[in-house]
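Reading the structure
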Amino acid sequence: SASELEEKYGTSINKGLSSSRAAEILARDGPNSLTPPKATPEIVKFLKQMVGGFSILLWIGAVFSWISFGIQFAQGAESPFDNLYLGVVLALVVILTGIFAYYQEAKSTNIMASFSKMIPQQALVIRDAEKKELPAEQLVVGDIVEIKGGDRIPADIRLISAQGCKVDNSSLTGESEPQSRSCDFTHENPLETKNIAFYSTTCVEGTATGIVINTGDRTVIGRIASLASGVGNEKTPIAIEIEHFVYLVAGVAISIGVLFFIISVSMRYKILDSIIFLIGIIVANVPEGLLATVTVSLSLTAKRMAKKNCLVKNLEAVETLGSTSIICSDKTGTLTQNRMTVAHLWFDNQIYSADTSEDQTTQPFDQSSPSWTALSKIVTLCNRAEFRPGQENLPIMKRVVVGDASETALLKFAEVILGDVMSIRAQNKKVAEIPFNSTNKFQLSIHETDDPNDKRFLLVMKGAPERILERCSTIMINGKEEPLDSEKAEAFQTAYMELGGMGERVLGFCHLYLPENEFPDTYPFDTDSMNFPTSNLCFVGLLSMIDPPRSTVPDAVSKCRSAGIKVIMVTGDHPITAKAIAKSVGIISATSETVEDIAKRLNIPVEQVNRREATAAVVNGMELKDMSLQQLDDILCNHSEIVFARTSPQQKLIIVEGCQRQGAVVAVTGDGVNDSPALKKADIGIAMGIAGSDAAKNAADMVLLDDNFASIVTGVEEGRLIFDNLKKTIAYTLTKNIAELCPFLIYIIASIPMPIGTITILFIDLGTDIIPSVALAYEKAESDIMNRRPRNKKKDRLVNEQLAVYSYLQIGIIQSVGAFVTYFTVYAEQGFLPSTLLGVRVDWENNAINDFEDSYGQEWTKYQRMYLQWTGYTAFFVSITIQQVADLIIRKTRRNSIFQQGLFRNKVIWVGIFSQIGIALILSYVLMAYWFVAVPFAILIWVYDEDFKLSLPPLPLTHPC
Amino acid sequence: ELLGRSHITNAFKILLFYVIFYGCLAGIFIGTIQVMLLTVSEFEPKYQDRVAPPGLTQVPQVQKTEISFTASDSKSYEPYVKNLEKFLKDYSADQQTENIVFQDCGEMPTDYKDRGPYSDAQGQKKVCKFKREWLENCSGIQDPTFGYKDGKPCILVKLNRIIGFKPKAPVNDSLPAEVMAKYSPYLIPVHCAAKREEDADKIGTVEYYGMGGYSGFALQYYPYYGKLLQPRYLQPLVAVQFTNLTYDVEVRVECRAYGQNIQYSDKDRFQGRFDIKFDIRSS
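Parameters and conventions
- Residues numbered from 1 in each chain as written.
- Chains lettered and ligands numbered in written order.
- Predicted model: local features only at pLDDT ≥ 70, side-chain atom pairs only at ≥ 80, totals over all residues.
- Heavy atoms only, no water.
- Helix = DSSP H or I, 4+ residues; strand = E, 2+ residues; numbered from the N terminus.
- Rg over C-alpha atoms; globule rule 2.2 N^0.38 Å.
- Buried < 20%, exposed > 50% of the residue type's maximum accessible area, 1.4 Å probe, protein only.
- Contact = heavy atoms within 4.5 Å.
- Areas by Shrake-Rupley, 256 points an atom, 1.4 Å probe, with all protein chains shown as cover.
- Lys, Arg positive; Asp, Glu negative; His and termini not counted.
- Charge placed at Lys NZ, Arg CZ, Asp CG, Glu CD.
- Buried area = accessible area lost by both parts, 1.4 Å probe.
- Salt bridge = Lys/Arg side-chain N within 4 Å of Asp/Glu carboxyl O.
- Polar contact = N/O pair within 3.5 Å; in protein donor to acceptor, adjacent residues only side chain to side chain.
- Nonpolar A, V, L, I, M, F, W, Y, C, P; charged D, E, K, R; others polar.
- Pairing = 2+ DSSP bridges.
- Axes fitted to C-alpha atoms, helices over the stretch in contact; angles between N-to-C directions.
- UniProt positions renumbered as here; feature names shortened; annotations may be inferred.
- Disulfide = S-S within 2.5 Å.
- pLDDT = per-residue confidence, 0-100.
- Core = buried A, V, L, I, M, F, W, Y, C linked by side-chain atoms within 4.5 Å.

1. Points about the overall build of chain B
Looking only at helices and strands, one finds three helices and 11 strands in chain B. In summary, chain B has a C-alpha radius of gyration of 26 Å against a globular reference of 19 Å for 283 residues, an excess of more than 25%. Expressed along its principal axes, the backbone C-alpha trace of chain B runs to roughly 90 × 50 × 40 Å. Across the 283 residues of chain B, 46% fall into the buried class. Long-range pairs, those at least 24 residues apart, make up 77% of the contacts in chain B with a sequence separation of at least 6. Total accessible area on chain B stands at roughly 14,000 Å², and carbon and sulfur atoms take up 54% of it. Seen as two clouds, the 35 positive and the 34 negative side-chain charges of chain B have centres 6 Å apart.

Right, dumping it as C-alpha cells:
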C-alpha cells in the first residue's frame, strides 16, 4: 500500500523528499544516467596506430638506419648522415600514416558522438512539498514524479496513481502495442506487472504519479545495457583480412631480408653494409602507403553509404556488410512501415484488398456498392482520431494524427477515399459517444445525419468482430438489410478467420438508424444509462489492419536471396502476424512450407512430417526456450527460411550466436535497448536511425538513417564492391614491390651500381602511387556482385595465393625487367655498357677512386659516378611509374577485359594516372629521354594481362546451402 | 595416390610455365638490351653530361688520398713506389717504340691534334709519345723510390680522360703568379699549394716536372679518341715533388689544373683539382 511504499523508500507521497535528503541519496547512488561504455583513451588509440600493421617493420628499419649512422659516424666515414636522414624519413612515414589513420578513425567516431548529444531530459518532481522541474539526471530513489502523455519515463517508477496511462515499452520488449498502466499489482515479474513504468520508455497517453524505485544503471534498461557491454567486440572481417595481408607481406619482407642478410654476410660484405641492405629490402617490401589508402577507400565508401542512408560508425564495418551471409532483421519498422494500415475489407460477402503502400492517394477496390457507402460512414464517424491542424499541404500518409494506431489507420483510410473527413464529421454532428474500453470492447457514437430531410439519428459502432456480430440481427448485403441467418453468420466466420489468419487485426462495423418517432430531435441521450438500443443492429462489414511491409522490402529481400544472404526475421510479435509479414515480403517464399503447413496439407500429425521437406520454419519464443543448442543449430542449418516470433532479447542473442556457430557473418538490425546485446554480438549491428534508442545506436556498428531494410541491401552492395576494389588496390600496390626489391637483390648478388635508392622507393610508395590506388576504390563492379554468394571467410581472402603469385612472380617480374632495361640504357648511354657494370660495386663506391674507367676509357670521379647513379635512380623510378600506369589499367578489372569494362567509366582513374605522371615529372624534372624506354614493357604488361584474363575459367555461379 | 599424381603433374605444369615465362622474359630482356646497344656507338658515348668537366687525380692511389710514411723505413712507402712504378710502366721508352702506334709530338706544348672522325674507318688513331725522362727526379729512372727514401715524395698529376674533350688554356690574368711565370698558350698549367693558410710554411719547396719543363698538360695530347681507337693512349702527366715538407705534421696540399673549361665544384672535390694529405714521420 501507499504507506508501506512511503516507508520503504523513506519518502512522502504528498511532500516528496527533502532537498537535502535527495542530495544525500544522489551522492550515494550517483546520477540517474546510464554509464557510457568505457572508451579507450585517445592516447592509447593513437599509439595503437603507431605500432599497428607495418609500422613495426618500418620502426625496425628506422632503428637500423640510426644504428648504422651511429657506427659510421663513430668510424668517421664520409657521408654518415644519409642513414640518419633515412631513419628520420622512415620514422616520419610511420608517424604521419599513424596520425592520418587516427584522424580518419576519429572523424567517423565524431559523427556518432553527435547522436548521443540529446537535450537533457526534464522531470516533474515533488520535493520539499513543491512541484519542481529537475533534470532527470538528478532523480534519486524515493522521489515522487509526475508523468503525462508524451513524456519519457525518467527512471524506473512504481505508480501510485494513474489516469488512463499507457506506456510504449517497445524499446524494452520490442512489442509495439502501448500497454496500459495502473497502480494495481498484477504479476510477480516486474516486467509484466502493471504498476511499474520503466526508464527510457515513453508514456503515450494519460497521466500518472509514481515513486522512483531504481535509477541509472540499476534500472531494468541499465542492466540490459550492461549486458551489452559485457559482450565482447570481435574483430571485423576486413581487420582480419588486413592482418593476414600484413603478416604475409611482413613474412616475405623478413624472410627475404634475413636470407639476403645471410647471403651478403657470407659473400663477405661488411656487417654494416648488410644491415643497410636489410633496411633497403624492408623498405622495398613494405607498401608504406597502402594502409592509408585502404583507410581512404573505406571512408570514401562510408561516405557513399551515408548518402544512401547507411551511416557507418566503424570504418571497417563498411566491408563487413559486404561479407554478411545472414541478416537477422527486426520486423517492426525495418521490414514494415511501423504504422497500422487498412489492408482488407469485407462487405457484401466479399473480401476486398486495399492498397497498403507508403504513398497511397487512391484506393482501387470497387466502391460502387451502397454497403460501402454505409461502411465508410461508420468508419468516418465512429472514430475519435484527428489530424493535427496545419498539415493540409502534407500528403495524407505523412500527416500526424492524435489517436491510437488503429483509429489513425481508419482515419487516413477514410481521408484517402472520401476526402475531408473533418467536414463530414461536422455535417454529421455527434450527439453522444461511448469510447472504447476493454470490458465492452466496442466504441459507439450517435450522430445527426447530413441529410436535412432525414431527421433520424444514426448510431454507429465498431469493435471486436464477434462482439459486434452478437449485437446484430441483420446484415447489409448490397445496401439492403437482410436477416442474419446461420448461413450468413458462417460466411462472416470464414471471412473473419481468413483475415485473422493473415495476421491482421480485424474490426467489425455496424449501424442503426434510430426511428424518428422514438428518438425525436430533442431526445436526451445518456451514455451511462444507455437509453438507446445497443442490440439488433445491422452488421455492415469488416475491416482488417496490419502494419504493412515497406514497399521496397520484398525487392530487397529477393536481392538478398540472389546474393546468397539468408534473411531471418526475429520479432517479439505474434507468430501468425510474423509469418504473414514474412510471406508478404518474401522471407518465406510463396512456394515453401513450414512443417505445420505440410501437416495441414497432408492431414497428418506434425510429428510425422519429414522435417527435411519443410524449407521454412516459424519458431515460437516458447519453443526456443526449451531447445538445446543442437536443436537450434539444426533449425538454422536445415531451413532456409526462418522466422522467430515472440522472442525475448536474450533469445535474440542466442539466435545470433547460433548463426555465428554456422560460420556465418551475421548482421543484426534492432532499435530497442533490448536489442543492444545482440547488436553488439553480431558481426555488424545495424541500429535504426529514426526509431532506434541511443543504447542501440551505441552498440551498433552502423545506423540506418531511414530505418529501411532496403538500405541494408545497398550497403551490402557497397561492401562487396569495396572488397573487390581493395583487392585491386592491393594487387596494384604489391606488384611494384618486386620492381623495388629486385634492384637490391641484384645489387647484392651481381655487385652492380645501386639501381634505386631507399628514398626513391618512398617517392613511389608515398608519392606517385597513392592517388591511383585510391582511384581504384571508385571502380564500378565488374559483374553483378549481388548475384554472387557472400564470400567465404576462410577461403576468399583479401590477398590470396593467386593474387600474390600473379603480382609478385609475373607482373612484378615483367616490371623489374622493364625497369632494368631502362637502368642499363642510362648507364650504356653515359659510357658504361652492361658488361662493364657487373662486379664493380666495391670500386664504384670507393671514395678514393676518382679515375674510375668506363667502357670507353673515360675516367670518372666519385661524385660523377654518384651523379650518374642518381640519374639511374630517377630513370628506374620513372620506368616503374610508367609501368604502374599499365598496372593500374589492368587492375581495373580482375576478370573482364579492359574493353568490356571501358577505360573511361571511372574518371577518377584518369585523375590517378595524370597525378602519377605529374608527380613523377615534378620529382624528376630532367631526363625526358628515359621516359619512353619502359613504354614497351608497359604495353607488354597490358597484353600479357589481357591474355591471362582470357585464360581464366568462368566464375562458378552456384548457390549451395 | 591419384591425387598425389595429379599434384605432381600440376606442380610440373606450373614449373614448366615459369620456365617458359622467365625464359621468354630473359629473351625479351636480352633482345631489348641488344637493340639498345645498337643505338649506342662503339667509339664514343651518347651523352657526356655526367663525366665532364674532367676530374683531376693523382698517382699513387692507395686506399685513401693520403700519403703517410717514414723515410727510413722502406716498407712504409713500398706501396706508393710500387703504385707509381706500375703506372709509369707504359711511359717507359721501350714501350713506345712502335711507330705505327706512337707519334712524336715534339718537346714543347703545341696545339690540339685532331685525328679525324670518331670511327675506325681509318683504323686506329696514333698516340703522342710521352717521355718518362721528362719527369726527371720523379721518373723513377735515377731514383727508383721516387724521392720517398729521402722524405721528398713525388706524386703524378693527371687530368681524367674524356673522349673528345679539348681543354682550353687559361686566360692569363686569372692565374697565380707562380703559374704565370712559365706560361704557354698550349698548356693546361697545374699548381699545388697548401690547402689551408696555416700550412703554407710547412709545405716547403715544390718542384714540377713535365713536358719541356712545363708544369702542365700540353694540348697536343688532346682530344682523346677512346679505348678502341687509342688503346695505348698516354695521358700527359705532371710530376710534383715536395722537397722540403715539414715532418711529423699533417700537411694538406691542393693541386689545381687551370683552364677555361676546367671547373671546380663544391660538391665534387675532384673536379679540376684534388687535395692530398702528407704525413711524413721522421722515424
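2. Some thoughts on the side chain of threonine 209 of chain A
Its location among the elements puts threonine 209 of chain A in strand β7 (residues 202–214). With residues near it in sequence (within four places) discarded, threonine 209 of chain A still touches Ile144, Val145, Glu146, Arg158, Leu159, Ile160 and Ser161 of chain A.

3. Let's talk about the interface of chain A and chain B
Every contact between the two is made by 41 residues of chain A and, on the other side, 48 residues of chain B. Of the roughly 3,500 Å² buried between chain A and chain B on both sides combined, carbon and sulfur atoms contribute 57%. Of all residues in chain A, Glu829, Tyr856 and Glu859 of chain A give up the largest surface area on contact with chain B, accounting jointly for 21% of the area buried on that side. Linking chain A with chain B are six salt bridges. Two residues, lysine 46 of chain B and glutamate 829 of chain A, come together in a salt bridge whose shortest N-O distance is 3.1 Å. Where chain A meets chain B, there are 21 residue pairs in polar contact (both at pLDDT 80 or more). Looking at the side of chain A that touches chain B, the elements that each hand over two or more residues are α28 (801–830), β28 (859–860), α31 (862–891) and α34 (935–951) of chain A. Residue composition of the side of chain A that touches chain B, by class: 23 nonpolar, 12 polar and six charged.

4. Things to note about the sheet that holds strand β6 (residues 187–194) of chain B
All names here are of chain B. In spatial order, the strands read β2-β11-β10-β6-β8; together these five strands make up an open sheet with mixed pairing. Only two strands of the sheet have a single partner each, and these edge strands are β2 (66–70) and β8 (216–218). Pairs of neighbouring strands in the sheet enclose a mean axial angle of 20°, with direction left out of account. When β6 meets β8, the two strands line up antiparallel, connected through three bridges. Counted as the bridge partner of proline 189 is glycine 216 from β8.

5. Things to note about the UniProt feature "transmembrane region" (unreviewed entry) in chain B
UniProt tags residues 15–40 of chain B as "transmembrane region" (unreviewed entry). Regarding residues 15–40 of chain B, the helix share stands at 92% and the strand share at 0%, and the terminal C-alpha atoms are separated by 37 Å.

6. Considering the state of the cysteines
One way to say it: the disulfide is the covalent bond shared by the sulfur atoms of two cysteines. Throughout the structure, instances matching the rule amount to three disulfides over all chains. Bridging cysteine 105 of chain B to cysteine 128 of chain B, the disulfide has an S-S length of 1.8 Å. One disulfide, between cysteine 105 of chain B and cysteine 128 of chain B, carries an S-S torsion of -85° and so falls in the left-handed class. Within this pair, whereas cysteine 105 of chain B is found in the loop between β3 (102–103) and β4 (127–128), its partner cysteine 128 of chain B is found in strand β4, the two being separated by 23 residues in sequence. Across the pair, cysteine 128 of chain B and cysteine 105 of chain B agree in class, each one buried. For chain B, the disulfide bridges join cysteines in the arrangement 1-2, 3-4, 5-6, where the cysteines are counted in sequence order. For cysteine 328 of chain A, which is in no disulfide, the shortest distance to another cysteine sulfur is to cysteine 659 of chain A and amounts to 4.2 Å. By relative accessible area, which is 1% here, cysteine 328 of chain A ends up buried. The closest cysteine sulfur to the non-disulfide-bonded cysteine 382 of chain A is located on cysteine 510 of chain A, 8.5 Å from its own sulfur.

7. Regarding the confidence of the model for chain A
All names here are of chain A. Mean pLDDT for chain A: 83, with 93% of residues reaching 70 or above. Within chain A, helix α6 (residues 170–173) has the poorest average pLDDT of any element, 66, and β28 the best, 92. Here residues 114–119 is modelled with pLDDT under 50, and outside its nearest four sequence neighbours on either side it reaches six contacts, counting other chains as well. Contacts of residues 957–961 to residues separated by more than four positions or lying in other chains number eight contacts, the stretch itself having pLDDT below 50.

8. Digging into the nonpolar core
Core analysis: the biggest nonpolar cluster contains 205 residues, and Phe709 of chain A together with Tyr148, Ile155, Phe217 and Phe242 of chain B have the highest contact counts within it. With 19 residues, the top contributor of residues to this core is helix α25 (residues 709–750) of chain A. In this view, phenylalanine 242 of chain B contacts Gly151, Lys152, Pro153, Ile155, Cys192, Ile203, Thr205, Val206, Val253 and Phe278 of chain B; residues no more than four positions away in its chain are not counted. Core analysis: the next-biggest nonpolar cluster, separate from the first, contains 35 residues, Phe365, Leu411, Ala414 and Phe509 of chain A among them.

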